[in-house]
Structure formats: C-alpha cells, structure tokens
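Summary of the model geometry
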Amino acid sequence: MFVLVNLKTYPCDPVAVAEAVRDVDESTDARLAVAPQAAHIERVAETGAETWAQHVDPIEHGSNTGHTLAESVVDAGAVGTLINHSEQRLKLADIDGSVRAAERADLETVVCANNAEQIGAAAALGPDAVAVEPPELIGTGTPVSQADPDIVEDAVEAAANVDSEVSVLCGAGISTGDDVVAAGDLGVEGVLLASGVAKADDPQAALEDLVEPL
Ligand SMILES: O=C(CO)COP(=O)(O)O
C-alpha cells in the first residue's frame, strides 16, 4: 500500500513529520511519502523522506508570476505531485496541462477527484494514479472506507474501465491502520490522508499505527 501524507497548510513541523515518514517507511513494506507546502519541499526532501508537491501549474518556464513550475519542485527534491486536490480545484484543461507539465519534469502524478465519474475523466488524462476523496468527509475523521465504501469501489471500477494501468487511491478521514486495511479491501492501492498525521500530537505514532497491519 502507498500511504501519502498531505500536510496541506497545517501548522505542523514539516521536517519532523518527514523524519517520521522516513523512519516508518524503513520499518514497513508499505511505501510512505509526504507532501509539504512548496516552500518546505527542499527541507523535507533533505530528510530522505519521499517528497511530493501538493500542486503544480500547467505552465512552462517563462512569465508566470506566482505559479508553481514542475521543474522547480523537482529541483527542490520532489518526486511526485498531487493535482486537482479538492482544496486546489482546476478546470479540466488545466488538469491535463498540469499532468503534462509533471510528465515533462518526470514527476509521478496523482490526480484527485470527488466521485467515480470524475475519476473516470481523470484516468483518461493518463496520470500514474487517481485519488477519490469525497469533500464532505475530508478532515472529519470519519473514514471514506467506512462511511462511503461504494464511492471507493465505483472509483476503482471507473478507473479500470478507462485505463487499467492507472492506480487508484482513496482519502478522507483515514487515520488508523484499520481504515487503511478497509480501503485496501475495497480495491485501492493506496491512501491519501492529512489530519490524522499532520494534526496528531505524535505524528510518528500515528504513522506507525497506520502501517501496523500492513
Ligand atoms: O484531503 C485529504 C488528503 O489530501 C484528506 O484529509 P483528511 O485525512 O484530513 O481527511
């Protein structure tokens, strides 16, 4: 299973969380990665944790003030990027452009979507993976794998119908190892989560709990 921890803009110490991600990754068969804010990518990557960007823009080098260039996050140490997170929604043409920008820079891609229909559309753009995250469950602590298992199974089917090479992740409310196991039982290859680690008093213990049954 792939466990991708999105730090959003939570007021956690990104380096401390990254060190925990690195250490727990070394103790499990699961693959762990962390997605800090763009300004923290370099310091996070220096810990040795697998580091992702939260977003890249559909742009090239040039006159794009305030945008995030795929090549720049690679220079800082990122190896992958989220695209179209529920908190950073893009138009379809821009999702496509961001996937192409990430490919150009050799970044792995996870395109997020709200529901199975959008997952099918996202898979058609050829990312490495898609992630279904019902927005109403994000940050609630109520795991999507329990609260809405149908949306996860439908997303797995929708992606497979479009492109069986595209992996499927799910997210929203995932915070325990049982949640991760339940997600895996619904057919996903990974989970995307945030508050269960970023807001935990002890992020390392939270990560250990997440991978313990894997
Ligand atoms: O948006 C999410 C991950 O990108 C999910 O957030 P929570 O894990 O806090 O529900």
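These remarks concern the structure in this document. (Residues numbered from 1 in each chain as written. Predicted model: local features only at pLDDT ≥ 70, side-chain atom pairs only at ≥ 80, totals over all residues. Heavy atoms only, no water.)

1. Here's the deal with the sheet that holds strand β5 (residues 108–113)
- Taken together, eight strands build an open sheet; the order of strands is β2-β1-β8-β7-β6-β5-β4-β3 and the sheet is parallel. Among the strands making up the open sheet, the edge pair consists of β2 (31–35) and β3 (52–53). (Pairing = 2+ DSSP bridges. Helix = DSSP H or I, 4+ residues; strand = E, 2+ residues; numbered from the N terminus.)

2. Comments concerning the layout of surface pockets
- The calculated volume of the largest pocket comes to roughly 260 Å³.
- The wall of the largest pocket is formed by 16 residues, among which Lys-8, Thr-9, Gln-54, His-55 and Gln-88 lie closest to the centre.
- In the lining of the largest pocket, the residues fall into six nonpolar, eight polar and two charged. (1 Å grid on protein atoms, 1.4 Å probe; cavity = no way out; pocket = protein on both sides within 12 Å on 5 of 7 lines; lining within 4 Å. Points joined across faces, edges and corners; volume = space filled by probe spheres on them. Nonpolar A, V, L, I, M, F, W, Y, C, P; charged D, E, K, R; others polar.)

3. Some points on the site of the ligand
- What surrounds the ligand is the set Asn-6, Lys-8, His-85, Glu-133, Ile-138, Gly-139, Ala-172, Gly-173, Leu-192, Leu-193, Ala-194 and Ser-195.
- Residue Glu-133 places a side-chain N or O atom 3.3 Å away from an oxygen atom belonging to the ligand.
- Between the ligand and Gly-173, the relevant distance is 2.8 Å, taken from an oxygen atom to a main-chain nitrogen or oxygen of the residue.
- Burial of the ligand by the protein amounts to 100% of the accessible area it has alone, namely 300 Å².
- Each residue belonging to the shell around the ligand can be placed in one class, and the counts come to five nonpolar, five polar and two charged. (Near = heavy atom within 4 Å. Polar contact = N/O pair within 3.5 Å; in protein donor to acceptor, adjacent residues only side chain to side chain. Areas by Shrake-Rupley, 256 points an atom, 1.4 Å probe, with all protein chains shown as cover.)

4. Observations regarding the packing of helix α1 (residues 14–26) against helix α10 (residues 203–211)
- Following both chains from N to C, one finds α1 and α10 inclined at 35°, their axes separated by 9 Å at the closest point. Crossing geometry of α1 relative to α10 is assigned as right-handed. Contact residues: Val-17, Ala-20, Val-21, Asp-23 and Val-24 in α1; Pro-203, Gln-204, Leu-207, Glu-208 and Val-211 in α10.
- Across the contact of α1 with α10, the residue classes break down as seven nonpolar, one polar and two charged. (Axes fitted to C-alpha atoms, helices over the stretch in contact; angles between N-to-C directions. Left-handed = near helix turned anticlockwise from the far one by under 90°. Contact = heavy atoms within 4.5 Å.)

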